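# Topology and contacts: notes
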Amino acid sequence: MLDAFVSAAGYMVGNPMSFLLIIFSVVWGIVFGAVPGLTGIVGVALLIPFTFAFDPTEGMLLLGGVYVGSTFGGSISAILFNTPGSPEAACTSLDGYPMAKRGEAGKALGIALAASAVGGIFGTLVLMFAAPPLARLALEFGPAEYFALAVLGITAIASIGGGSLIKGLIAGLLGLAVALIGLDPLTGVARFTFGNMMLLTGVSFIAAIIGIFALAEVLQRFADGPPKGEQMAQVSTQLPSLAEFLATKITLLRSSVIGTIIGALPGVGATTAAFISYSEAFRWSRRPELFGKGSAEGIAAPEAGNNSAVGGSMIPLLALGIPGSATTAVMIGGLTIHGIVPGPMLMQNNSDLVYSVFIGMLLANILMLVFGLRAARLFAVVLKAPYQLVGPAIVVLCMTGVFALNNNVSDVAVMLVFGGVGFFLKSYGLPVASFIIGLVLGPIAEVSLRQGLILADYDMMALVTRPIAGTLLLLSALSLAYGIWGQLRRPPSDGPGNAQPETS
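I will try to describe carefully the structure that is included in this document. (Residues numbered from 1 in each chain as written. Predicted model: local features only at pLDDT ≥ 70, side-chain atom pairs only at ≥ 80, totals over all residues. Heavy atoms only, no water.)

Each aromatic ring pair is specified by the distance between its two centres and by the angle formed by the two planes. Evaluation of the coordinates by the stated rule reveals eight aromatic pairs. Each ring, one from F141 and one from Y146, has its centre 6.0 Å from the other, and the planes form 70°; the classification is edge-to-face. Accessibility expressed as a relative area gives 15% for Y146, which makes it buried. An aromatic cluster of at least three residues, connected via ring pairs, comprises F24, W28 and F32. (Phe/Tyr/Trp six-rings, centres within 6.5 Å; stacked < 30°, edge-to-face > 60°. Buried < 20%, exposed > 50% of the residue type's maximum accessible area, 1.4 Å probe, protein only.)

A positive phi is found at D457, a non-glycine position, where the angle reads about 55°. With respect to the helices and strands, D457 occurs in the loop between α19 (432-455) and α20 (460-465). Residue D457 is classed as exposed on the basis of its relative accessible area of 65%. Even without being glycine, Y458 reaches a positive phi, approximately 60°. Along the chain, Y458 falls in the loop between α19 and α20. (Helix = DSSP H or I, 4+ residues; strand = E, 2+ residues; numbered from the N terminus.)

Note: α-helices contain 3.6 residues per turn, so residues at a spacing of three or four share the same orientation. Compared with the 74 Å implied by 1.5 Å per residue over 50 residues, the 29 Å span of helix α5 (residues 90-139) between its first and last C-alpha is markedly short. G103 marks where α5 bends most, by close to 140°. Most of α5 sits inside the fold, with 35 of its 50 residues counted as buried. (Expected span 1.5 Å × (residues − 1). Bend = angle between axes of the 7 residues up to and from the residue.)

Attention now moves to the side chain of T71. Relative to the helices and strands, T71 is located in helix α4 (residues 56-81). Exposure remark for T71: the relative accessible area of 1% places this residue in the buried category. In this structure the side chain of T71 is engaged in a polar contact, spanning 2.8 Å, whose partner is the backbone oxygen of Y67. Among residues more than four places away in sequence, those in contact with T71 are E88, E303, N306, N307 and V310. (Polar contact = N/O pair within 3.5 Å; in protein donor to acceptor, adjacent residues only side chain to side chain. Contact = heavy atoms within 4.5 Å.)

Quick look at the environment of F50 now. With respect to the helices, strands and loops of the structure, F50 is situated in the loop between α3 (39-47) and α4. The class of F50 is exposed, set by a relative accessible area of 54%.

This next bit is on the nonpolar core. F435 and I436 are the most contacted members of the largest nonpolar core, which totals 134 residues. Among the elements that make up this core, the one with the highest residue count is α5 (20 residues). Setting aside residues no more than four positions away along its own chain, F435 makes contact with A171, G172, L174, G175, V178, I212, F418, V421 and L425. (Core = buried A, V, L, I, M, F, W, Y, C linked by side-chain atoms within 4.5 Å.)

Inspection of the secondary structure assignment puts L367 in helix α16 (residues 351-380). Taking the C-alpha atoms as reference points, L367 and D411, separated by 44 residues in sequence, lie 34 Å from one another. Filtering out sequence-adjacent residues up to four positions away, L367 remains in contact with I22 and I23.

With 26 residues, α4 extends 38 Å between its outermost C-alpha atoms, agreeing within 8% with the 38 Å of an ideal straight helix rising 1.5 Å per residue. The largest bend in α4 amounts to roughly 25° and is located at S70. Burial within α4 is extensive, with 25 of its 26 residues counted as buried. The N-terminus of α4 is capped by D55, whose side-chain oxygen sits 3.0 Å from the backbone nitrogen of T57. Looking one or two residues beyond α4, the residue adopting positive phi is N82, at roughly 60°.

Here's what the structure looks like:
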């Protein structure tokens, strides 16, 4: 391992082109992550043909830097405009945008950037030193374990309802119901489509979250007008002070561990990592009443979680040849076109390439701090324009991005419908966070439960008696009880995801 690391470091030092590729890819990724609908998947896919001009190591450095940059980039538009640039940044909107609305957009961006760097570096270091053990752990996860993991996240719905447990459950059940739309994943039976062919493939998650956050916010702003005291024009992005950073150290560590482990699970990805990190941060916070109103923990948790999942998702890709996320599935194409087959023999036969990728991703996370600050300031210039111009521009940009994702007009229709859904949730005080958690984790829980029951011959106890699944379900039960007890002790509030921020 040490020899491979030294050899890879020598390659990086002796090849200036590798540094230029990392710089370009990080900037490219931040831009693609920040523009709603484009996402890192599109950014990586567009660059794959260009890797023909480079050797395999340079090609992977190019793609890896895009992955790193795009995961943070989504938080920029999420914080400034309540418009997540990528699915994994949806949770960041819940507290980032309220903080921006009270005149602290620069602080929110700084917290997101610092948390992203910490999570990304943590995930990359784990990738470097613990890829084989974590890959073996990922192989232990079957349907029962995936179900238990989803349940752990879903139980946060009971906590996130603010002062109203009923509102949290209603919003969560609505999200679960929307997740059922489309063909049954196991039987192929159409559910809740009402004869509409466009709904057979289900609801596009990216279109739904852009509608719920971005379009609903535009509708709300034009319906109510800018809240009195709102200050968003002056933005000076700055990293948090040492005291502010240390105040979130437990949240950063917990979320980074959660993100790395979830990222290592094949097919789960950074979005799930962000939502579970957010729900656990809310559940164990000493100040949960601040979530949804601009909590630093509410920004740090999902950003550390989704960026650590980047390194985690590379573990099954490099060690097993199994994509850990949609983006790494595209990155497999970048390897195969160069005749490299990812899998158990890759780290042995192509150790220079693998460790060069490790070092490159570490550098990409460090460079993200530099270019992230610059990119955030450039995007923040838009805030100086009147919202009468910014609002319609956001709607047009969202529609263009959603359409470009699949070249499908039905996705635009989904976005418009969910803009109304988001406006409805906010108008009636239903927590958007609970709805999104149900929408994201519902399908994972449903498919995993049914697959697990089939494999266990419909014996429910078989799900509980598996060590990992049983432990996760026990933690879910304990945390659910703790969340309900803690919520009943708190005074009523609007809850995260829909509360109006305090203004100065």
